[in-house]
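Coordinate inspection notes
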Amino acid sequence: MVGAVEAAWISEELAGLRVKDKRQLRRVGQVLAAMFEQPGASVRRMFGEQAGAKGLYRLVEGEGNKGISAAEVTYAQQQATLQRCAGEELVLCVQDTTDVNISQFTSMTGGGPLPRGKGTRRGFFAQTVLAVNAAGVPLGVLGQHYFERAAVSDEEGQAEEHMPKPIEQKESYKWLRGVLESGVEQVSGTTMLFVSDQESDIFEYLALPRPAHVQLLLRSQHNRRLAASTSDQAGSKEKLWDVVQAEPVAGVIDVPVQSKTNQVARIARCAVRYKQVTLPAPYQTLAAQRALAQAGKVVGEPVPVTAWLVIVSEVPAQAPAQVPAQVPAQPKQKKAKAPATAKPDQPDQPDQPDQPDQPDQPDQPLVWRLLTTLPVTSFADACDIAGYYARRWLVERFHYVLKSGCNIEARRLGSVENLQRFLSLANIVAWRLLWLTHVARETPDAPCTVALSTSEWKALVTAIHQGKQAPVHPPSLRQAVRWIAQLGGFLGRRSDGEPGVTVLWHGWQKLANYAQMYRILAPNDDNPNFGYI
C-alpha cells in the first residue's frame, strides 16, 4: 500500500511518461514505490510477493506494450525537474560521468571494456545532468545518456586519438549533448548554469550556441593562448592562467579541505583573482578541415569566445578572510571530517562530509581555475562562482547513491539495455533520497508531512519512542530525518553534524517495514491510542 505523500510525488515524476496502456503507468508507480521503500534490496525482497517481482521484470525486460523505454522515463523525470527549476532564480546543472560495471555477470549481453577501451572489466558509461538549486538542494535529473567504448589496442587508441574528426564523433561530445538534451530552453526565466570538471575543458563546449539564460562553469585544464589584441595582428603569446594570476588579489576566502592519506583536514585560506578573457578558436589543420567538410560541416572563420577566469589559490593562513556573509564559498557544514570508509553494511559510521574538489596530492596547495561564461565583475561574483563549483560533488554523491544505495551494479537483468531501463527508474529513487537529505538541512522547520505520509511519520514516532508516546503531532522535517537516520545507525553526537544519505537510506528501509505494520494495525488511521502497547 502506498501512502498519500508517496503517491503524490511519484505521480508528479511520472506525469510526463508516455505509455500505450494505463495499466503500465500504474505498474511503474507501484515499482517505484517498492524501490523507494527498499532501494538496495533484491527484487524478491523488494516486493515480497511474486506478482510484484514479475511486474518489474516485465517493465525492464518486456517488449512492446509490456516494457518501458529508458529514454521515456528519463524524459518524464526531466519534465518534472524543469517544473521545479522554473521557481528558482538560478539552477546549477551539474554534469559528470560514471561507469557501471557488469563484469561479475558473464551471461549479461552488451557492454564494452572499462575504463579505456582495454582491460578485463566490462560495462557502460552514464553521463548525468543533475539539477541543484543555489542552496544545494537537488531538484532532479535533467538528462542521462549511455555510451560504451570499443575494444582497441594501445596503437589503435593512439591513432584514433590523433585522427581529426568532428566533435559529434568524439566521446567528448557527451558534454555538449548534456546541454542540448536537457530541455533547459523551456525555463527561460531561470539562469541555468552547467557545472563540470576539467574533462569538459574543450573549445567546442565553450563555443556551443545556447540561449542567453544558459551559462557554463568548468574547471580549466588547459593554459590556453589568449586571443590577439586589435593592435597585435601577429597574435598573442599570453597564456590564460599567467595573465589572470598576475591580477591583483580581489579578496581572501576560506575553503575546507578534507583529510586524505598523509594529509590532515584543514581550512585552506585562498586568494581570489578574476579577469575577463577572450579565447581564440584552436587552429584547424588542413586534415581537420577536410574531415569537417566530409561530415557536412561548414568550415568558416573561427569565432573567439569571451569568458571569465576565477583563480582560487591557497595562501599562508595569516591572510585575513574577506568572504561576504551572503556569499558562501563552500557547502555549509560545521567542520571538515575524515572521509567515511563505511560500506553499506556499516551504517553506524558517518557519511563523507560535503566537500568540493580537493588537491590531487597530499599537502599540495589548493588551486581552482574556474572558467565561466557568467559575467564576473566583483569579488562577490567571484565568491559566487567558487560556491557554485563547490556544489559539483553532488552529482558524484548521486552516482554513489545509485551504486551503493540502489545497487545497480548488482542487478542481473539479462542485458545492458535492461539494466539501463532499471537505471532510469533508480534515478528517480536516488534523487528522492538525496533530496530528502538536503531539503531537511535547508528547511529544517518545515513539517515532515512534505516528505512523509501519515502512516510513515506516526510509525516513526512510535518506533523512536518505543510505543511510550502517542504520535499526535508531526515532527519537523529535520527531526524526522534525524530519526530516520537514527534507525539506520546515525548516532547523532554533537560532532556528527547532520546525517548523510547513507544512514538515511538504511533507516528508510526499516521505516518502510514499520509503516507497513502501522497500516495493518491502523488501516483507517483513526486510533489515537496507537503506540501504547
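What this report covers is the structure whose coordinates are included nearby. (Residues numbered from 1 in each chain as written. Predicted model: local features only at pLDDT ≥ 70, side-chain atom pairs only at ≥ 80, totals over all residues. Heavy atoms only, no water.)

The helix and strand inventory of the chain stands at 16 helices and 10 strands. Pairs at least 24 residues apart make up 70% of the contacts formed inside the chain by residues separated by at least 6 positions. For the chain, the accessible surface area stands at approximately 24,800 Å², while carbon and sulfur atoms represent 50% of it. (Helix = DSSP H or I, 4+ residues; strand = E, 2+ residues; numbered from the N terminus. Contact = heavy atoms within 4.5 Å. Areas by Shrake-Rupley, 256 points an atom, 1.4 Å probe, with all protein chains shown as cover.)

What follows concerns the nonpolar core. Residues Ile253, Trp368, Leu425 and Leu460 are the most contacted members of the largest nonpolar core, which totals 108 residues. Leu139, Leu142, Leu240 and Val243 belong to the second largest nonpolar core, which has 37 residues in total. (Core = buried A, V, L, I, M, F, W, Y, C linked by side-chain atoms within 4.5 Å. Buried < 20%, exposed > 50% of the residue type's maximum accessible area, 1.4 Å probe, protein only.)

Positive phi is not limited to glycine here, since Asn407 has a value of about 55°. On the secondary structure map, Asn407 appears in the loop between helix H12 (393–405) and helix H13 (416–442).

The next thing to look at is the pattern of salt bridges. Applying the stated criterion across every chain, the model contains 16 salt bridges. Across the pair Arg18 and Glu72 runs a salt bridge whose closest N-O atoms are separated by 3.3 Å. With Arg18 in the loop between helix H1 (4–14) and helix H2 (22–37) and Glu72 in helix H5 (residues 70–85), this residue pair connects regions lying 54 residues apart in the sequence. Its relative accessible area of 53% is what places Arg18 among the exposed residues. On the basis of relative accessibility, which here comes to 24%, the residue Glu72 falls in the partly exposed class. In this structure, Glu171 engages Lys174 in a salt bridge whose closest nitrogen and oxygen atoms are separated by 3.9 Å. A relative accessible area of 28% places Glu171 in the partly exposed class. Using a relative accessible area of 4% as the deciding quantity, one classes Lys174 as buried. (Salt bridge = Lys/Arg side-chain N within 4 Å of Asp/Glu carboxyl O.)

A few words on the packing of aromatic side chains. Counting across every chain of the model gives six aromatic pairs. With a centroid separation of 5.4 Å and 70° between ring planes, the pair formed by Trp368 and Tyr389 is classed as edge-to-face. Of this pair, Trp368 sits in strand E10 (residues 367–372) while Tyr389 sits in helix H11 (residues 379–389); the two residues are 21 residues apart in sequence, bridging distant segments of the chain. Plain terms: the ring middles of Trp431 and Trp435 are 6.3 Å apart, the flat faces sit at 40° to each other, and that makes the pair tilted. With a gap of four residues between them, Trp431 and Trp435 both fall in helix H13, about one helical turn apart. Across the pair, exposure class does not vary: Trp431 and Trp435 are buried alike. Ring pairs connect the aromatic residues Trp9, Phe36 and Trp508, which therefore count as one cluster. Between Arg149 and the ring centre of Phe125, over which it is positioned, the NZ or CZ distance is 4.2 Å. The ring of Trp241 has Arg369 sitting right over it, with the charged end atom 4.0 Å from the ring centre. (Phe/Tyr/Trp six-rings, centres within 6.5 Å; stacked < 30°, edge-to-face > 60°. Lys NZ or Arg CZ within 6 Å of the ring centre and 35° of its normal.)

Quick look at the side chain of Asn101 now. As for its placement among the helices and strands, Asn101 is situated in strand E1 (residues 90–101). For Asn101, a relative accessible area of 17% translates into the label buried. Among the polar contacts listed, one links the side chain of Asn101 to the side chain of Ser103, at a separation of 2.6 Å. Apart from residues no more than four positions distant in its own chain, Asn101 is found in contact with Leu114, Arg121, Arg122 and Glu409. (Polar contact = N/O pair within 3.5 Å; in protein donor to acceptor, adjacent residues only side chain to side chain.)

Further remarks concern H12. When the terminal C-alpha atoms of H12 are compared, their 17 Å separation across 13 residues agrees well with the 18 Å that a helix rising 1.5 Å per residue should span. Within H12, 10 of the 13 residues are buried, leaving the element largely enclosed by the surrounding structure. Taken as a whole, H12 has its buried residues at Trp393, Leu394, Val395, Arg397, Phe398, His399, Val401, Leu402, Ser404 and Gly405. Downstream of H12 by a residue or two, Asn407 has a phi angle that is positive, lying close to 55°. (Expected span 1.5 Å × (residues − 1).)

A few words now on the pairing of strand E4 (residues 138–147). Within a regular strand, the side chains alternate between the two sheet faces. For E4, the tally of buried residues reaches 10 of 10 residues, placing the bulk of the element in the interior. Hairpin connection, strand E3 (residues 121–133) to E4: the antiparallel pair is bridged by four residues, and Gly136 has positive phi, about 95°. (Pairing = 2+ DSSP bridges.)

We now examine the pairing of E3. Of all 13 residues making up E3, 11 are buried, and the element is well covered by its neighbours. Bridge count for E1 against E3 is 11 bridges, and the pairing is antiparallel. Pairing of Val91 across the sheet is with Asn133, part of E3. Bridge count between strand E2 (residues 112–114) and E3: three bridges; the pairing is antiparallel. Counted as the bridge partner of Pro113 is Arg122 from E3.

Judged by side-chain polarity, Met517, Ile520 and Leu521 come together as a nonpolar surface patch covering roughly 320 Å² of accessible area. Among the secondary structure elements, Met517 is positioned in helix H16 (residues 501–521). For Met517, a relative accessible area of 46% puts it in the partly exposed group. (Patch = residues over 30% accessible without salt bridge, like charges linked within 9 Å, V, L, I, M, F, W, Y side chains within 5 Å.)

The next thing to look at is H13. When the terminal C-alpha atoms of H13 are compared, their 38 Å separation across 27 residues agrees well with the 39 Å that a helix rising 1.5 Å per residue should span. Along its length, H13 shows its largest kink, about 25°, at Leu425. (Bend = angle between axes of the 7 residues up to and from the residue.)

Turning next to the packing of H2 against H13. Packing of H2 against H13 leaves a shortest axis separation of 10 Å and a crossing angle of 50°. With respect to each other, H2 and H13 are oriented oblique. The two elements H2 and H13 meet at a crossing, and its hand is right-handed. Together, Val28, Val31, Leu32, Met35 and Phe36 of H2 and Phe422, Leu425, Ala426, Ile428, Val429, Arg432 and Leu433 of H13 make up the contact between the two elements. Broken down by class, the residue content of the contact of H2 with H13 amounts to 11 nonpolar, no polar and one charged. (Axes fitted to C-alpha atoms, helices over the stretch in contact; angles between N-to-C directions. Parallel < 35°, antiparallel > 145°, perpendicular 65-115°, else oblique. Left-handed = near helix turned anticlockwise from the far one by under 90°. Nonpolar A, V, L, I, M, F, W, Y, C, P; charged D, E, K, R; others polar.)

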